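Observations on chain architecture
Listed below are the residues making up each chain.
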Amino acid sequence: EAANLDLGLSLAEGPNGVTPDSRTQLRGFDVTYRWKPLRQSRYRGAVVRGEVFDSRRETATTAGIATQEAFGWFASADYRLARRWWLGTLLEQSERPSDPHLRDRASSLLLSFSPSEFMLLRGQLRRGETAEGERDLDLLLQAVELVVDTQRVPDRLRGDPTRLSQALLNLLSNAAKFTAKGMIQ
């Protein structure tokens, strides 16, 4: 069996535009566990991810500057069915900065197919629920292609081919999850 555990910490701070001096702080912690059986099929494996994050945002009030806080998390699990097929699930929840008692939740089932290292096709059945009680059920179909600007690519890359492949897959996956057109430049 082959397994690895990755831990990460994210910190960011910057102006938020509410007042000239107001700032927002973002903090996050993530963990990723990858597993691959060595004795069985080489195209099997699993990835489990989780992240917690919080936000502290300074806002202007009649009494001066107030801080709004919000907390959120997501967890996902993916299982590799075959060489280019993945099945997964995603759970997420976040608080509203304006009122931490208001929480939005969502869950998804995902089926992904990667015809090459530079393309990802994904189907996602997503169920969401807002703090106000609104519910939705969406079926999303996405095709993401990684386009590389060859004018700015170095002549040679040194590194682990497995890590480079993981980085490319993560770029494609993030493009599918977090962009409107499924494109990263």
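Residues numbered from 1 in each chain as written. Predicted model: local features only at pLDDT ≥ 70, side-chain atom pairs only at ≥ 80, totals over all residues. Heavy atoms only, no water.

**Quick look at the overall build of the protein chain**
Secondary structure assignment for the protein chain yields 1 helix and 8 strands. Moving toward the C terminus, one meets the helices and strands of the protein chain in the order β-β-β-β-β-β-β-β-α. When each of the 185 residues of the protein chain is scored for burial, the buried share is 23%. Within the protein chain, contacts between residues separated by at least 24 positions form 43% of all contacts whose residues are at least 6 apart in sequence. Approximately 12800 Å² of the protein chain is accessible, and the part contributed by carbon and sulfur atoms is 56%. (Helix = DSSP H or I, 4+ residues; strand = E, 2+ residues; numbered from the N terminus. Buried < 20%, exposed > 50% of the residue type's maximum accessible area, 1.4 Å probe, protein only. Contact = heavy atoms within 4.5 Å. Areas by Shrake-Rupley, 256 points an atom, 1.4 Å probe, with all protein chains shown as cover.)

**Quick notes on the pattern of salt bridges**
Scanning all chains against the criterion turns up 9 salt bridges. A salt bridge links glutamate 69 to arginine 56; the shortest N-O distance between them is 3.6 Å. With a gap of 13 residues between them, glutamate 69 in strand β4 (residues 64–82) and arginine 56 in strand β3 (residues 45–61) connect regions that are remote in the sequence. For arginine 103, the salt bridge is made with glutamate 95, and the minimal N-O distance between the two is 3.5 Å. (Salt bridge = Lys/Arg side-chain N within 4 Å of Asp/Glu carboxyl O.)

**Considerations on a nonpolar patch on the surface**
A contiguous nonpolar patch, built from Leu5, Leu7, Leu9, Leu11, Phe29, Tyr33, Val48, Val52 and Phe71 and spanning about 900 Å² of accessible area, is present on the exposed surface. Put simply, the parts of the chain that give the nonpolar patch at least two residues each are β1 (2–15), β2 (23–36) and β3. For the nonpolar patch, the leading source of residues is β1, giving 4 residues. Tracing the backbone shows tyrosine 33 in strand β2. (Patch = residues over 30% accessible without salt bridge, like charges linked within 9 Å, V, L, I, M, F, W, Y side chains within 5 Å.)

**Remarks on the pairing of β2**
Where β1 lies against β2, 14 bridges are found, and the strand directions are antiparallel. Following the sheet pairing, leucine 11 is matched in β2 by arginine 27. Note: β2 against β3, 12 bridges, orientation antiparallel. Residue pairing across strands places threonine 24 opposite arginine 57, the latter belonging to β3. (Pairing = 2+ DSSP bridges.)

**Details of the side chain of arginine 34**
Among the secondary structure elements, arginine 34 is positioned in strand β2. Since its relative accessible area comes to 14%, arginine 34 is described here as buried. Engagement of the side chain of arginine 34 in a polar contact is seen with the side chain of aspartate 6, the distance being 2.5 Å. (Polar contact = N/O pair within 3.5 Å; in protein donor to acceptor, adjacent residues only side chain to side chain.)

**With respect to the side chain of threonine 24**
With respect to the helices, strands and loops of the structure, threonine 24 is situated in strand β2. Judged by relative accessible area, threonine 24 falls into the buried class, the value being 16%. In this structure the side chain of threonine 24 is engaged in a polar contact, spanning 3.0 Å, whose partner is the side chain of asparagine 16. Residue contacts for threonine 24: discarding those within four places in its chain leaves Ala12, Glu13, Gly14, Asn16, Ser55, Arg56 and Arg57.

**Looking at the environment of aspartate 30**
Tracing the backbone shows aspartate 30 in strand β2. Assessed through its relative accessible area of 23%, aspartate 30 is described here as partly exposed. Considering only alpha carbons, one finds aspartate 30 and leucine 9, 21 residues apart in sequence, at a separation of 6.4 Å. Once you skip the residues sitting within four places of it in the chain, aspartate 30 turns out to touch Asp6, Leu7, Gly8, Leu9, Ser10, Gly50 and Glu51.

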